[in-house]
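Letter by letter, the chains look like this.
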Amino acid sequence: MNVKNYIKNNLLIFDGGMGTLLQSKGLKVGELPERFNITNPTAVQQIHKSYFDAGCNVVTTNTFGANSLKFSLNELEEIIKSAVENARIAQKSSKTSQPKWVALDLGPTGKMLKPYGDLEFEDAVAVFKNTVRLGVKYGVDLVIIETMNDCYETKSALLAVKEECSLPVIVSNAYGEDGKLVTGASPKIMVNILEGLGADAIGVNCSFGPNKLMPVIDEYIKYSSLPIIFQPNAGMPKVVNGKTEYDVSPKDFAVSALQAVQKGVKIVGGCCGTTPEHLKAVSEILKGVKPLKTTKKNYSTVTSFVKAVDFEKIPVLIGERINPTGKKKFKEALKNQDIDYVLKEGINQQEKGVHILDVNVGLPEIDEVKMLERVVLSLQEVCDLPLQIDTSNPVAMERALRLYNGKAMINSVSGKKESMQAVFPLVKKYGGVVVCLTLDENGIPPTATERVEIAKKIIAVAKSYGIDKKNLIFDPLALTISADKNSAKETLKAVKIISEKLKCKTSLGVSNVSFGLPSREIINSNFFTMALSCGLSAGIMNPYAEDMLKSYYSYLALSGLDESFDGYINFANSLPKKEVVEIKAEGEIKDKPLEKSELQTAIIKGLKNQAYKITKELLKTQKPLDIINGDIIPALDYVGVGFENKTVYLPSLLMSAEASKVAFDAVKEEVATSSQNKAVFVLATVKGDIHDIGKNIVKLLLENYGYKVIDLGRDVEPKIIADAVVKNHAPMVGLSALMTTTVLYMQQTVKLIKEVAPWCKTIVGGAVLTEDYAKSIGADKYCKDAMEAVRYAESVFNG
Ligand code: B1M
């Protein structure tokens, strides 16, 4: 039986951990487990068999890291061929009676995708395709994509599977204790992206033990219309007497599996630290237990990689400003490839409070496909709002949807046959919520009733493509009242019927209604309020138009949608104050919180080009060190605090770090390094630590003061540092460490240097260090900042 049909009425039991069992069968530390398929097939077969014997329905091939980045294509083929054979041999030799399948295991590539790493999205797709093609060739029954902790990489893997075969595919992500992926996606976001891309089952694996994962499972149950998989590890690993141990017993593990099934999970298995005993306990506890029915959920949701926006109770604001229509400067910016201009429009609209950004860059003089791709990718580097891909060019639409990191909003399809034939296949393949214009081959009908009929036709055609109506949003089109005094009335009527009778979501481009009339904002904002009262789910609007926002926030407050009136109060407080500002005495002004400078803002928002330009400008009037201490470091501190408080996620932290590096490069270009070579200074960030901005500042200043700096880079082994000190007979070494986990390596490095180069003075610094800690590890000097490092060096060498 096909596994997809099987899980309609049965629970499916996956296998458990592989790595620790391979170690017990002789896999050495550092040896690649995937090679074991060839070098020690019997061991792999035994492990698979023990899982089948324990009652598992599915074993996953030993191919977690089998990809073309780690292995040549020839070796990859050999590995996958033997991996599938090993699983099949186990399947045949196990005598238990449950249905059995073999799943191709796909783990992360081990590299991060751009912009956080250097792997291109399409290259990631190609890497996964290589593995999938071979899995299919050697006859696996299904594919499982697992332990993915970045949603973009998950998307690339799922696309690869869907484009390479039609086998059932399960996607499972690994969550952190904050209930998010490393790059910030929540379960709700993953459900939306993966359902949109056509996964057959989704869920969670690995992470930090079964119990702590229950809230994540609850989120999956709440939002997913697909069967859910639950494959936790056996708790967090602990090293006891040099051996890795896990603390969740088979019995406790099985109890958690049962709890998950009682919540609605349909597929259970284990990850790191789980053994055939764990899975045996699971299969025993689940004997005779029937799965709950998977129910369809009706949320209309779009997402970026960290934000989900629902078209549910609270109406959604879609910023319309990234659009060249009627905007001379915008057109110029597009022609001149001035992406920063477009990005600023995105950032400014986000600051005005919109929930989604419409992105339209269609201009006859430019290559829309390339420009849309570039703008979508760049916007996602600096803005975390979901995007609405707005184009009438299906090629540009497909490219943007493919590269978009999230579940996009799509603008638009109409009731014309040609439009539906072009757009619906893309919505089906990539997912998304599509704006449906109620017009067809005969144009825009004048009455609400006729527009509703077109909406019904669109719903039916979308269904034939497998697109649910929760992923359609109807725009019944606001026409100009000055041309037809009844047009607004008909549009509002259509909004009401579509939301109340068809139970569908609606959106409107509001501004068109007032065309040709004076003081258009008065009409627009009142029309917006009227539409909201008719049940409008979203408005495509100009967020710089204060009247529109006044309508929006008053509507929320008056209709009971603004609990505790936070939205209204914040908005009201943001309006310019009319009262006269009291002039304060000089001393009082000091207490005011510091405004963020332009450079700080550029770094915080991750705008590299701007950070560079502003730094260059500042250098004309300010000292390099003042810019570093006054702007660059405070900006990084600001995002660092956000990161700690979970208001900033790794992608934004990385973008800020990149922008600060560019600013720092601008400073470096300005500071001529001296060639006096007073003394040799070996410098490094210690093992395990990739933070090097502080270390680079220390280097810049030392060079500026005439020292020859041998910079060993970051994440440097203690021995390499000690060797460099000895080789250069360096009188001084500088070590930087920024994490509590890496200061231990600083201690090791200092100890080693003291042993092999007792003449060498050790200077240490970095955000987590203290004077006391530096003393306790035997360092000669702790420096709180780079200047102190220079002063110390000067005091040693110049007395
Ligand atoms: Co990360 N990071 N980061 N990070 N990051 C911190 C350090 C963190 C405190 C953020 C937080 O949670 N609040 C936290 C560490 C928590 C802890 O251990 N207590 C953290 C974490 C957890 C992580 C990751 C694990 C995140 C993840 O992947 N989940 C990961 C670590 C990967 C690894 O190292 N293995 C990670 C990654 C990154 C980025 C890549 C995104 C980026 C680094 C880019 C780069 O360096 N090329 C980054 C950044 C930018 C930061 C923050 C925001 C800023 C660090 C910085 O550059 N500050 C940081 C939060 C913070 O510190 N506010 C944070 C500016 C710099 C000039 O200061 O290096 O302290 P600093 O240097 C100062 C002084 O300390 C002194 O002089 C400089 C000033 O003049 N100094 C010396 C430094 N070294 C010296 C040596 C000397 C003398 C003086 O003599 C030799």
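Residues numbered from 1 in each chain as written. Predicted model: local features only at pLDDT ≥ 70, side-chain atom pairs only at ≥ 80, totals over all residues. Heavy atoms only, no water.

Enquirer: Go over the sheet that holds strand β6 (residues 201-206) with me, naming the residues and quoting the values.
Expert: Strand order in this open sheet of 8 strands is β1-β10-β7-β6-β5-β4-β3-β2, and the pairing throughout is parallel. Across the chains shown, the open sheet's two edge strands, defined by having one partner strand only, are β1 (12-13) and β2 (58-60). Where β6 lies against strand β7 (residues 228-232), 5 bridges are found, and the strand directions are parallel. When the sheet's bridge partners are listed, cysteine 206 is paired in β7 with proline 232. Along the sheet, helix α10 (residues 250-263) contacts β7 and β10 (267-268); its crossing angle with β7, the most-contacted strand, is approximately 165 degrees. (Pairing = 2+ DSSP bridges. Helix = DSSP H or I, 4+ residues; strand = E, 2+ residues; numbered from the N terminus. Contact = heavy atoms within 4.5 Å. Axes fitted to C-alpha atoms, helices over the stretch in contact; angles between N-to-C directions.)

Enquirer: Could you give an account of the state of the cysteines, naming the residues involved and the relevant values?
Expert: The full count for this structure, using the stated rule, is 0 disulfides. Summary of cysteine pairing: cysteine 151 is not part of a disulfide, and the nearest cysteine sulfur, belonging to cysteine 383, is at 16 Å. Residue classification places cysteine 151 among the buried residues on the basis of a relative accessible area of 1%. Of the residues examined, cysteine 383 reaches a relative accessible area of 2% and is grouped as buried. (Disulfide = S-S within 2.5 Å. Buried < 20%, exposed > 50% of the residue type's maximum accessible area, 1.4 Å probe, protein only.)

Enquirer: So what about the coordination of the cobalt atom of the ligand? Which residues, and what values?
Expert: In this structure the cobalt atom of the ligand is ligated by exactly one protein donor, His691 (NE2), at 2.3 Å. Note on placement: histidine 691 falls in the loop between β21 (680-685) and α27 (693-704). (Donors = N, O, S within 2.8 Å, 3.2 Å for Na, K, Ca; no water.)

Enquirer: Outline the packing of aromatic side chains, supporting the account with residue identities and numerical values.
Expert: The full count for this structure, using the stated rule, is 10 aromatic pairs. For lysine 100, the ring lying beneath its charged end belongs to phenylalanine 52, and the centroid distance is 6.0 Å. (Phe/Tyr/Trp six-rings, centres within 6.5 Å; stacked < 30°, edge-to-face > 60°. Lys NZ or Arg CZ within 6 Å of the ring centre and 35° of its normal.)

Enquirer: Can you explain the confidence of the model for the protein chain? Please cite residues and give values.
Expert: Should pLDDT be low for a region, the predicted coordinates there are not to be read in detail. Predicted confidence across the protein chain gives a mean pLDDT of 92, with 96% of residues reaching 70 or more. Per-residue pLDDT stays below 50 along residues 579-594; that stretch engages in 1 contact with residues further than four places along the chain or on separate chains. (pLDDT = per-residue confidence, 0-100.)

Enquirer: How would you sum up the sheet that holds strand β23 (residues 732-736)? Please name residues and give values.
Expert: Spatial ordering of the open sheet is given by β22-β21-β23-β24-β25, a layout of 5 strands whose pairing is parallel. At either margin of the open sheet sits one strand with a lone partner, and together these are β22 (708-711) and β25 (781-782). Here β23 pairs with strand β24 (residues 761-765) via 5 bridges, running parallel. In the sheet register, leucine 735 faces β24, and the bridge partner there is valine 764. Along the sheet, helix α29 (residues 743-756) makes contact with β23 and β24, crossing β24 at roughly 170 degrees. Of the strands in this sheet, β21, β23, β24 and β25 touch helix α31 (residues 786-798), which is tilted by about 165 degrees from β23.

Enquirer: Can you lay out the pairing of strand β17 (residues 433-437) for me, pointing to particular residues and giving the numbers?
Expert: Summarising burial for β17: 5 of the 5 residues are buried, a large majority. Residues of β17 alternate between two faces, with Val433, Val435 and Leu437 on one and Val434 and Cys436 on the opposite face, all of them buried. Here strand β16 (residues 409-414) runs beside β17; their pairing, made up of 5 bridges, is parallel. Bridge assignment links isoleucine 410 to a residue of β17, and that residue is valine 434. Bridge count between β17 and strand β18 (residues 472-475): 4 bridges; the pairing is parallel. By the bridge assignment for β18, cysteine 436 is matched with phenylalanine 474. In this fold, β17 hands off to helix α17 (residues 448-464), which returns the chain to β18; that crossover is right-handed. (Right-handed = clockwise from strand over helix to strand, strands pointing away.)

Enquirer: Give a description of the site of the ligand that names residues and reports values.
Expert: Around the ligand sit 36 residues, and of these Gly688, Ile690, His691, Asp692 and Ser736 come closest. Note that a nitrogen atom of the ligand is positioned 3.0 Å from one of the side-chain N or O atoms of aspartate 637. At a separation of 2.7 Å, a nitrogen atom of the ligand approaches a polar side-chain atom of serine 736. Elements that contribute at least two residues to the shell around the ligand include exactly α25 (624-644), α26 (650-670), α27, β23 and β24. Here the shell around the ligand is composed, by residue class, of 20 nonpolar, 9 polar and 7 charged. (Near = heavy atom within 4 Å. Polar contact = N/O pair within 3.5 Å; in protein donor to acceptor, adjacent residues only side chain to side chain. Nonpolar A, V, L, I, M, F, W, Y, C, P; charged D, E, K, R; others polar.)

Enquirer: Provide a residue-level description of helix α20 (residues 546-558), including the pertinent values.
Expert: For α20, which comprises 13 residues, the first-to-last C-alpha distance of 18 Å matches the rise-based estimate of 18 Å (1.5 Å per residue) to within 8%. Of all the residues in α20, the buried ones are Met548, Leu549, Ser551, Tyr552, Tyr553, Tyr555, Leu556 and Ala557. Looking at the buried residues of α20, the elements they touch are β13 (316-322), α13 (339-352), α19 (520-533), β20 (538-541) and α21 (566-574). Following α20 by one or two positions, glycine 560 adopts a phi angle in the positive range, close to 75 degrees. (Expected span 1.5 Å × (residues − 1).)

Enquirer: Could you give an account of helix α6 (residues 121-137), naming the residues involved and the relevant values?
Expert: In a regular helix each residue adds 1.5 Å, so 17 residues correspond to 24 Å; α6 covers 24 Å between its end C-alpha atoms and thus fits that length. Three or more residues of α6 are buried, namely Phe121, Ala124, Val125, Val127, Phe128, Lys129, Asn130, Thr131, Val132, Leu134 and Gly135. The secondary structure elements touched by the buried residues of α6 are α5 (73-93), β3 (101-106), β4 (142-148), α7 (151-164) and α15 (394-403). Residue glycine 139 follows α6 closely and has a positive phi angle near 90 degrees.

Enquirer: Please give an account of the pattern of salt bridges that cites residues and values.
Expert: Taken as a whole and assessed by the stated rule, the structure comprises 45 salt bridges. The partner of glutamate 500 in a salt bridge is lysine 496, with the nearest N and O atoms 3.4 Å apart. Here the residue glutamate 500 and the residue lysine 496 both occupy positions in helix α18 (residues 487-500), the gap between them amounting to 4 residues, near one helical turn. On the accessibility criterion, glutamate 500 (46% relative accessible area) is partly exposed. Put simply, Glu122, Lys129, Glu163, Glu373, Arg399, Arg402 and Lys429 are held in one network by salt bridges that share partners. (Salt bridge = Lys/Arg side-chain N within 4 Å of Asp/Glu carboxyl O.)

Enquirer: How would you sum up the side chain of lysine 695? Please name residues and give values.
Expert: Its place among the elements puts lysine 695 in helix α27. Judged by relative accessible area, lysine 695 falls into the buried class, the value being 2%.

Enquirer: Describe the environment of arginine 520, listing the residues and the values that go with them.
Expert: With respect to the element layout, arginine 520 can be found in helix α19. The spacing of arginine 520 and serine 736 is 216 residues in sequence and 59 Å in space, taken between C-alpha atoms. Beyond its immediate chain neighbours, meaning those up to four positions away, arginine 520 contacts Ser511, Asn512, Ser514 and Phe515. Within the local environment of arginine 520, its side chain forms a polar contact with the backbone oxygen of serine 511, the two atoms lying 2.8 Å apart.

Enquirer: Got a sec to walk through unusual backbone geometry? Specific residues and values, please.
Expert: The residue after lysine 114, namely proline 115, is reached through a cis peptide bond having omega 5 degrees. As for its placement among the helices and strands, proline 115 is situated in the loop between β3 and α6. For the peptide bond that leads from asparagine 411 to serine 412, omega is 10 degrees, which places it in the cis range. Looking at where serine 412 falls in the secondary structure, it is placed in strand β16. A positive phi angle, near 65 degrees, is found at leucine 477, a position not held by glycine. For leucine 477, the position within the fold is in the loop between β18 and α18. Take leucine 477: its relative accessible area is 12%, and that puts it in the buried class. Non-glycine residue lysine 503 carries a positive phi angle of around 55 degrees. A relative accessible area of 59% means that lysine 503 is categorised as exposed.

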